[in-house]
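Observations on the model geometry
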Amino acid sequence: MPSLHLITSILLLLSAAAAATTIGVTYNPSAPNLPPPERVVSTLQSLRISAVRLLDPSPAAVRAFAYTNITLLLTVPNHLIPSFAANRSAAALWLRSHVLPYHPRTRISLISAGSDVITTTSAASDPTADPSTTLLPAIRNLRLALFDLGIRTISVSTTFSFIDIMTTSFPPSTAEFQEPIGSLVVRPLLQFLDETNSSFLINLYPYNIFKINSEIPVGFVLFQEHPFNFRDDVVTGVRYRNLFDMMVDAIVAAMAVSGQENVPLIVTETGWPSEPEAQDAGNYAEMYLRGLLRHLRSGLGTPLRKEGAAEAYVYELFDEKSTFNNTNGTNSDASMSGRAAGGKQWGIMYPNMTMKYRVHFSDAPRNLDKRFDRLINLACLLLVLLNRKVMRS
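The structure reproduced in this document is the subject of the present report. (Residues numbered from 1 in each chain as written. Predicted model: local features only at pLDDT ≥ 70, side-chain atom pairs only at ≥ 80, totals over all residues. Heavy atoms only, no water.)

Some details on the overall build of the chain
- Along the chain, the regular secondary structure elements total 15 helices and ten strands.
- For the chain, buried positions account for 53% of its 393 residues.
- For the chain, the share of sequence-separated contacts (at least 6 apart) that also reach a separation of at least 24 residues comes to 74%.
- Of the roughly 17,400 Å² of accessible surface on the chain, 55% is carried by carbon and sulfur atoms. (Helix = DSSP H or I, 4+ residues; strand = E, 2+ residues; numbered from the N terminus. Buried < 20%, exposed > 50% of the residue type's maximum accessible area, 1.4 Å probe, protein only. Contact = heavy atoms within 4.5 Å. Areas by Shrake-Rupley, 256 points an atom, 1.4 Å probe, with all protein chains shown as cover.)

Next comes the structure, spelled out in structure tokens:
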């Protein structure tokens, strides 16, 4: 006869599998020569993409996601951060045009006050825009403005770049936030995120680390499974099978040093650019994306955080020149590196709505759904049998 312990184990297995990272894409509706948002939303639904990060969101784009099951992470343009910090009414004005008319019909889960503000804002040219003095007040005013409008279900945070705030990626256990930004911005922000149940947002590109460190094997970056494809953290003895997990755990370790190891982590950007010169060795972009999606869906998490990243967004939806810098000043880690590398392209889709790579957001979830159904049916059967045994005794 089944035991309660067995049933509990099955339910725990279901719970663990259901906790796999939510996978989304980054979409910039303000980029030129793209299809209208309504067509984009239809395509996203057909691909079974459940989360979208909107860079420089337009009201029309936010409205297009109404009555869908797609959750949105909105990014406030960087040039608005100083005005948000100076006056809560500026934040309220933005919310009244971009959020209030569509919430809750459009499922907005989080708003990022800028993206990589600390490295794209020059305090030398505009002292009032110093991110060490404006970013946190802007975030607080944005949250207060949401409350003023009666909206309490949308979290607020900001987005950082891994290469700009971290001291190292290996070994992860020794990672810390760079100074002085760690003391001035990151640690106070982490306290705010913990108090408000929000998340730490990070642009994280193994591609960038790989390009500046020739000693890293490409298979380690592309999630390839080989017997000797690993690196050990010599401090903790933890073994890593891919660079993505190593970078995530570097963030986790740095948060722990700052006393906030339990704040959820969201990877707001990750991806791999098109590299025609590397085609002879294989399509690295496709290999990275397929390995990433497979790994995130597994629900295995990372060595230091069993739940892994709560969400991860592939950069980016459409294939546009990474040198593009929109008029509202929202930048990405990919575009920053793209300028240095001569303008690479990061999209998984062309503007004509055709897929660039053989990556499928829906295949694994469909297979997992079948496994869930079998496990749920088995758990229900065991519960019935156990109940009969109890009734007879």
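Quick word on the environment of valine 99
- Mapped onto the elements of the fold, valine 99 is located in the loop between α5 (88-98) and β4 (107-115).
- On the accessibility criterion, valine 99 (1% relative accessible area) is buried.
- Measuring from C-alpha to C-alpha, the distance between valine 99 and leucine 146 comes to 9.3 Å, with 47 residues separating the pair along the chain.
- Not counting chain neighbours up to four residues away, the residues in contact with valine 99 comprise Leu74, Trp94, Ile108, Ile111, Ile151 and Ile154.

A closer look at helix α7 (residues 131-148)
- Under the 1.5 Å per step criterion, the end-to-end length of α7 is 25 Å for 18 residues, consistent within 8% with the ideal 26 Å.
- Among the residues of α7, Pro131, Thr134, Leu135, Leu136, Ala138, Ile139, Asn141, Leu142, Ala145 and Leu146 are the ones counted as buried.
- A positive backbone phi angle near 80° is found at glycine 150, which sits one or two residues after α7. (Expected span 1.5 Å × (residues − 1).)

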